[in-house]
Amino acid sequence: MADFEINGVAMPRPSSWKTRPRVMTQDAERLIGNGRLIAPYLQTVPETEWVYKRIKAADYDILWNAYIKACATNKSIEHTVKTLDSNTGKSITYTGYTENNFEAALYRIKNGERIYHNVVVTIVGVGGDDSWLTS
């Protein structure tokens, strides 16, 4: 089994990765008398970032097909994501969605093969489930 997957498809191992816990609250406000914050907790969702310093066309195509092309094919931006949590080192799986900020710089074409650099894939949890925190 791969450490990094989208919808059950093994992804190339990123050069680096991080998992940001995004704590969600609602109706945050400050008390008038002392300024104390009141922010009822809703949940914590993961935000995963995979960074590829250099990636060849074959591996790039795997990412592209699973992260971007699958949205049009499946008519959905949601994916099942498996990654290593940079905070714990453990494997986590959650439902996330494709961010609209995907960018991939074509570094060069060497012997007819595309090579990209600084490719960043960001996947944000859709929420509704905190189980990734207890995996």
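Everything below is about the structure printed above this text.
Owing to the predicted nature of the structure, the values given are computational and were not obtained by experimental measurement.

Chemist: Honestly, the environment of Arg 13 in this entry has me stumped. Any pointers?
Modeler: For Arg 13, the position within the fold is in the loop between strand 2 (9–10) and strand 3 (16–25). Taking the C-alpha atoms as reference, Arg 13 lies 15 Å from Ile 123; in sequence the two are 110 residues apart. Contacts of Arg 13, omitting those with residues within four sequence positions, involve Asp 3, Phe 4, Tyr 52 and Leu 84. Within the local environment of Arg 13, its side chain forms a polar contact with the side chain of Asp 3, the two groups lying 3.1 Å apart.

Chemist: I'm lost on the nonpolar core in this one. Help?
Modeler: Across soluble globular proteins, nonpolar side chains show a tendency to be buried alongside one another. Within the largest apolar cluster, 20 residues are counted, with the highest numbers of intra-cluster contacts made by Met 11, Trp 50, Tyr 52, Leu 63, Val 119, Val 121 and Ile 123. Every element with two or more residues in this core is listed here: strand 6 (41–56), helix 1 (57–74), strand 7 (78–84), strand 8 (91–98) and strand 10 (113–125). Ignoring any residue separated from it by four or fewer positions in sequence, one finds Tyr 52 in contact with Met 11, Pro 12, Arg 13, Pro 14, Ser 15, Leu 63, His 117, Asn 118, Val 119 and Val 121.

Chemist: Help me understand the pairing of strand 10 in this model?
Modeler: Regular strands place side chains that alternate from one sheet face to the opposite one. Inspection of the sheet shows strand 6 paired to strand 10 by 9 bridges, in the antiparallel sense. If you follow Glu 47 over to strand 10, its bridge partner there is Val 124. In this structure, strand 9 (residues 103–110) lies alongside strand 10, joined through 6 bridges in antiparallel fashion. Residue pairing for strand 10: Ile 109 is matched across the bridge by Arg 114. Between strand 9 and strand 10, which pair antiparallel in sequence order, lie 2 residues; one of them, Asn 111, sits at a positive phi of approximately 55°.

Chemist: How should I be thinking about the packing of aromatic side chains in this particular structure?
Modeler: Per the stated rule, a full pass over the model turns up 7 aromatic pairs. Ring centres of Tyr 60 and Phe 102 lie 6.4 Å apart, and the angle between their planes is 35°; on these two criteria the pair is classed as tilted. In this pair, Tyr 60 is assigned in helix 1 and Phe 102 in the loop between strand 8 and strand 9, connecting sequence segments 42 residues apart. Measuring from ring centre to ring centre gives 3.9 Å for Tyr 60 and Tyr 116, while their planes differ by 15°; the resulting arrangement is stacked. Taken as a pair, Tyr 60 in helix 1 and Tyr 116 in strand 10 lie far apart in primary sequence, 56 residues in all. For the pair Tyr 60 and Tyr 116, one class covers both residues: buried. By the ring-pair criterion, three or more aromatic residues cluster together here, those being Tyr 60, Trp 64, Tyr 67, Phe 102 and Tyr 116.

Chemist: Explain the pattern of salt bridges to me, please; I cannot follow it from the model alone.
Modeler: Note on pairing: side chains with opposite charge can pair once their charged atoms come close. Considering all chains together, one arrives at 6 salt bridges under this definition. A salt bridge links Glu 49 to Lys 18; the shortest N-O distance between them is 3.6 Å. Here Glu 49, found in strand 6, pairs with Lys 18, found in strand 3; they are 31 residues apart in sequence, far enough to count as distant. Note that Glu 49 is salt-bridged to Arg 20, the shortest N-O span being 3.2 Å.

Rules and cut-offs
- Residues numbered from 1 in each chain as written.
- Predicted model: local features only at pLDDT ≥ 70, side-chain atom pairs only at ≥ 80, totals over all residues.
- Heavy atoms only, no water.
- Helix = DSSP H or I, 4+ residues; strand = E, 2+ residues; numbered from the N terminus.
- Contact = heavy atoms within 4.5 Å.
- Polar contact = N/O pair within 3.5 Å; in protein donor to acceptor, adjacent residues only side chain to side chain.
- Core = buried A, V, L, I, M, F, W, Y, C linked by side-chain atoms within 4.5 Å.
- Buried < 20%, exposed > 50% of the residue type's maximum accessible area, 1.4 Å probe, protein only.
- Pairing = 2+ DSSP bridges.
- Phe/Tyr/Trp six-rings, centres within 6.5 Å; stacked < 30°, edge-to-face > 60°.
- Salt bridge = Lys/Arg side-chain N within 4 Å of Asp/Glu carboxyl O.

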